Amino acid sequence: MAGFTALLAKLDRRVIYAAVALALVFPLVLKWRLPPAEMQAARKFYDAVEALPNDDSSMVLVACDWGPSTKAENEPQTEVLIEHLLRRRVHFALISAIDQAEPFLRELPERVARRLSGENPREKWEYGKDWVNLGYRPAMGTMIQKMATAQDIRQTLGVDVRGTPLNEVPCMRNVKNIRNVKLLAEFTGLVGALDSWLQFFQTSDFRPPMAHGCTSITIPEAYIYLDSGQLVGLHEGIAGAAAHSALLSRKFKDRGPDIAIVTNTALAVAHVAIIFLIVLGNLGMVLAKRKTAAAGSTGVPPVSMGGAA
Amino acid sequence: MSAWPVVLPVILGGIATLAIYSFLVKENPFYRFFEHLYIGIATGFGIVFGVQRFLWPEFFRPMLGYDREVFADGAYDRPWRSWYLFYLLPFAFGMLYYFIYSRKRQWLSRVVIAWSLGVSGGFALKGFFAQYMPQIIGSFKPLVAVHTVERGLLINFHDMAGHLPDDAQIVKGHIDLYRLGPSYVRLVIKDKDGKLSEVRGRVTDVNEDPSTGSSTLEVDGQERVIRSSDVVLREDLAPPSDVADAYEGHGGEHQYLAHRVLESWEQGSVPWSEWVVEGTAAAAETNTGMDLLVRENVTVSDPYRGEKWTVGKRESIGFKSCELSPETLRSWFDRPESEFGIILWRNAGVGGSFLHRFASSKYADAARRPKLVIEYRVPNEEKPKELVLQNGLSGYSGTEEYVAVSDSGPPTQPGPEFLLGASARKPGGGLSLNWWSSSGILANWIFAVTLICVMTYFLFSLEHNKPGIYQASMVGRWLMMLCFGAFFGSTIMARMALLVERMQFLIEKWLPAIFGQG
């Protein structure tokens, strides 16, 4: 026991890093898929998308205010939404106030469209008809207000990322102003991005329903907006995306596992590993304390905690 | 060789990932190089996109006239005007910022900074109210299960006795309520600032959200979310001429109860919960010791998606019918002084929904107003007759129907369902199953206790060693620690997600690329 206590006390932190990394490798290599937990907030998100009309005058605005730093969580969230919208043939526009999101705005819908076309060779999803990429738009607060108050949102934004005037983009033909935005879906891990949309994407008499995908860090902050009704749905980190993905799989039986399920499985394993290590660490601490107490009564010097993780 | 443009970024990405994670082993030049590289690339991105997406399209292009249309012959749709150079004014103003590097002219930069701060302050003020007012309003939550009557339909029978011959023998009767389908609705909405506005449109879907009671309606071709608390009755509004139906309240899953009202509404002391008897409608009818007249449970998850109503035998188009026994009807006519009408009441706490999709007396189309249909026989006549009591139709001039809002006053208050926790009382008097939900009483108590205790902890003008204050601040500290624990857990989850994504990249893309299998 004394040896075990000493080992725990002197355990190098790098051993713990390696253990966590190893724990992650297994589900990824073995392609292990755990069914995600059902999440009420993600269910609401799913329901909000299900309720969307798919006519020509309706549009979902997908604000991808994320970059490589939060890609791990925001990408699967955005991807599952895009897939849902494409499957339902609901038109959507991608926009970002973060310059580093630009490559993802282009790549993500194309990737999903390719996957869906692979699943349904008879169907086709095309840029312009099903979605439009509005690209990176600087000056977040001003840009959002401009969009919200625009008489004609197409004129205000001018062109899409390819330089095509928005009036000529098929899916934007009947989209005039904020009232045509049936859902605003905002994905971010940045402080202030959600706030800006909440604050400014509305007029005096209209506010489109808003759903949000946040990183795990900001879940507690996002809940308050869900509770107050300012959000109609929420993807809580990767778990939220996985829950939405599971609902999609329930509806579309032939659908393969997507990135959200895979990542969520690995994340679950990582959590188990971390909880195990926390328990182990605390066990070591308790044993060391006991030993110290025992040493105090016998005059034996206590075990040093130096080097403990 | 053609694969290299695809493979090379993957290989470099893998190396960069390993380089950044090498920090976990220890600080090293490999890590530092890639850290700087990342920052450099991010800055480069910012500069390029700043020019490409802002400076060029918003400044240089219009100033130089490049936004003009060019015809096939090379002519422009309009000539370049010298006043386009006015674009230089805001540009020059912004450039004053760079005087921050000049000791002598540094004050010039402060002008721009002051301008920016002013604009930001204005934005912040505007944004604050838009963002936080709903939070503040939502913080006022009841700590007890408020005893309320939800919006329902009341038909008074004070003076209906005269419409039935004294010797009439009642055969049967039913109340018909026009069920609102996905048709046009008329709502009076109270905005966040209390402004009333009329909204008309077609119901396309209902967002079942017990915590907010919000519904998504298509209004004039546009969808909007309307909270139940925003829907108010407006007596002074004239009935719309072009809208056939109306709509009161919100919800998704329905469970309705029709009750006989035995006390005046004005008294405000009607113990509503005592009216409910568990069991079928038939059982309720036989339970003569109770005030319950009819009890019909209707459960429809979404009437717009094809589910049928299960109440009543008259499943006619658009109408929902509640059957009434002849004895009950007879009693209405024999003792009108003790009858104060019928209330159609949603069974509180069931399904967490707030929608009453029934037409009421407010509707322009009289044919769709609720009606009481009584089939009776007169001794000397062979054929049974039918008495239809409906506001707006001949034969009934009695007290018109009301939409009941509360048991204590005229229908001018917003629906009580918006008081979170209000629906937590079961008809039998106990708490319903959703009392612990985010909109339930327990959550409200936790919220209130946390608020008071944490505020006490931070109220340093009070000495924390005093009895009561000490305990409250200790509880506040513990509750804060619990919250911080949740935050910390979330932070770990986010970091781990990043690691998982990178591991995924290394295993599924980088390694195959390295070994030529990509």
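Residues numbered from 1 in each chain as written. Chains lettered and ligands numbered in written order. Predicted model: local features only at pLDDT ≥ 70, side-chain atom pairs only at ≥ 80, totals over all residues. Heavy atoms only, no water.

Draft legend 1. Spatial organisation of the overall build of chain A. A count of helical and extended segments in chain A gives eleven helices and six strands. By residue count, 55% of the 309 residues in chain A fall in the buried class. Of all intrachain contacts in chain A linking residues separated by at least 6 positions in sequence, the fraction that spans at least 24 positions is 75%. (Helix = DSSP H or I, 4+ residues; strand = E, 2+ residues; numbered from the N terminus. Buried < 20%, exposed > 50% of the residue type's maximum accessible area, 1.4 Å probe, protein only. Contact = heavy atoms within 4.5 Å.)

Draft legend 2. Fine view of the sheet that holds strand S1 (residues 59–65) of chain A. Residues and elements named next belong to chain A. Strands sit in the order S3-S2-S1-S4-S5-S6 across an open sheet of six strands; the sheet is parallel. The open sheet has two edge strands, strand S3 (131–136) and strand S6 (233–236), and neither has a second partner. The sheet shows a mean angle of 15° between the axes of neighbouring strands, taken without regard to direction. Across four bridges, S1 lies against strand S2 (residues 92–96) in parallel orientation. Looking across to S2, one finds that Ala63 is bridged to Ile95. (Pairing = 2+ DSSP bridges. Axes fitted to C-alpha atoms, helices over the stretch in contact; angles between N-to-C directions.)

Draft legend 3. Spotlight on the interface of chain B and chain A. The interface is formed by 50 residues belonging to chain B together with 62 residues belonging to chain A. Contact between chain B and chain A buries roughly 5,000 Å² in total, counting both sides, with carbon and sulfur atoms accounting for 60%. Linking chain B with chain A are three salt bridges, by the criterion used here. The interface formed by chain B and chain A holds 14 residue pairs in polar contact (both at pLDDT 80 or more) in total. (Buried area = accessible area lost by both parts, 1.4 Å probe. Salt bridge = Lys/Arg side-chain N within 4 Å of Asp/Glu carboxyl O. Polar contact = N/O pair within 3.5 Å; in protein donor to acceptor, adjacent residues only side chain to side chain.)

Draft legend 4. Spotlight on the environment of Ala513(B). Relative to the helices and strands, Ala513(B) is located in helix H8 (residues 469–514). With 502 residues separating them in the primary sequence, Ala513(B) and Ile11(B) have C-alpha atoms 6.6 Å apart.

Draft legend 5. Highlighting the pairing of strand S4 (residues 181–188) of chain A. All names here are of chain A. Summarising burial for S4: eight of the eight residues are buried, a large majority. In the sheet, S1 pairs with S4 via seven bridges, with the strands oriented parallel. For Val60, the partnering residue across the bridge sits in S4 and is Leu183. Crossover handedness for the path S4 to helix H8 (residues 193–200) to strand S5 (residues 210–214): right-handed. (Right-handed = clockwise from strand over helix to strand, strands pointing away.)

Draft legend 6. Inspection of the packing of aromatic side chains at higher detail. Per the stated rule, a full pass over the model turns up 21 aromatic pairs over all chains. On the basis of an interplanar angle of 40° and a centroid distance of 5.3 Å, the ring pair of Phe45(B) and Phe49(B) is categorised as tilted. Remark: Phe49(B) and Phe45(B) occur in helix H2 (residues 29–64); sequence separation between them is four residues, near one turn of the helix. Judged by its relative accessible area of 25%, Phe45(B) falls in the partly exposed class. Centroid distance Phe59(B) to Phe91(B): 4.4 Å. Interplanar angle 10°. Geometry classified as stacked. You can see Phe59(B) sitting in helix H2 and its partner Phe91(B) sitting in helix H3 (residues 88–95), a full 32 residues away along the chain. Feature note: the residues Phe92(A), Tyr127(A) and Trp131(A) constitute an aromatic cluster, connected by ring pairs. Here the basic side chain of Arg87(A) rests over the ring of Phe252(A), its NZ or CZ set 4.5 Å away from the ring centre. The residue whose ring lies beneath Arg502(B) is Phe505(B), and the NZ or CZ to ring-centre distance is 4.5 Å. (Phe/Tyr/Trp six-rings, centres within 6.5 Å; stacked < 30°, edge-to-face > 60°. Lys NZ or Arg CZ within 6 Å of the ring centre and 35° of its normal.)

Draft legend 7. Up close: the pattern of salt bridges. Residue and element names in this part refer to chain A. In this structure the tally under the stated criterion is 27 salt bridges over all chains. Here Glu123 ties to Arg89 by a salt bridge, and the two come within 3.0 Å at their closest N and O atoms. Placement of Glu123 in the loop between helix H5 (102–119) and S3 and of Arg89 in the loop between helix H4 (71–88) and S2 is noted, with a sequence separation of 34 residues between them. Residue Glu123 is classed as partly exposed on the basis of its relative accessible area, which comes to 36%. In this structure Arg89 comes out as partly exposed when scored by relative accessible area, which is 26%. For Glu107, the salt bridge is made with Arg111, and the minimal N-O distance between the two is 2.8 Å. Here Glu107 pairs with Arg111, and both are found in helix H5, just four residues apart, close to one helical turn. Note on Glu107: relative accessible area 35%, which makes it partly exposed.

Draft legend 8. Summary view of unusual backbone geometry. The backbone of Lys31(A) sits at a positive phi, close to 55°, despite the residue not being glycine. Position of Lys31(A) relative to the elements: it lies in the loop between helix H2 (13–30) and helix H3 (40–50).

Draft legend 9. Layout of the side chain of Gln230(A). Summarising the element assignment, Gln230(A) is placed in the loop between helix H9 (219–227) and S6. Overall, the relative accessible area of 3% leaves Gln230(A) in the buried class. Within polar-contact distance, the side chain of Gln230(A) engages the side chain of Gln135(B) at 2.4 Å. Discounting chain neighbours no more than four positions away, the residues touching Gln230(A) are Leu198(A), Arg207(A), Met210(A), Tyr225(A), Ala130(B), Gln131(B), Pro134(B) and Gln135(B).

Draft legend 10. Structural context of the confidence of the model for chain A. Per-residue confidence for chain A gives a mean pLDDT of 87, with 95% of residues at or over 70. Here residues 301–309 of chain A scores under 50 on pLDDT; set against residues more than four positions off or in separate chains, the count is 20 contacts. (pLDDT = per-residue confidence, 0-100.)

Draft legend 11. Molecular detail of the side chain of Thr17(B). Residues and elements named next belong to chain B. Examined against the element boundaries, Thr17 turns out to sit in helix H1 (residues 4–21). Within the structure, Thr17 has its side chain in polar contact with the backbone oxygen of Gly13 (distance 2.7 Å). Discounting chain neighbours no more than four positions away, the residues touching Thr17 are Arg502, Phe505 and Leu506.

Draft legend 12. Quick peek at the confidence of the model for chain B. All names here are of chain B. In this model, chain B carries an average pLDDT of 63, and 49% of its residues clear a pLDDT of 70 or more. H3 holds the highest mean pLDDT among the elements of chain B, 93, whereas helix H5 (residues 281–286) holds the lowest, 30. Throughout residues 146–154 the model reports pLDDT below 50, and contacts reaching past four residues in sequence, or to other chains, amount to 61 contacts. Of the regions scoring below 50 in pLDDT, residues 180–185 engages in 28 contacts with residues more than four places distant in sequence or in other chains. Interface scoring of the predicted complex returns ipTM 0.82; its pTM is 0.65.

Draft legend 13. Local environment of H5(A). Here H5(A) spans 27 Å end to end across 18 residues, near enough to the 26 Å set by a 1.5 Å rise per residue. Of the residues making up H5(A), those classed as buried are Glu102(A), Phe104(A), Leu105(A), Leu108(A), Pro109(A), Val112(A), Ala113(A) and Leu116(A). (Expected span 1.5 Å × (residues − 1).)

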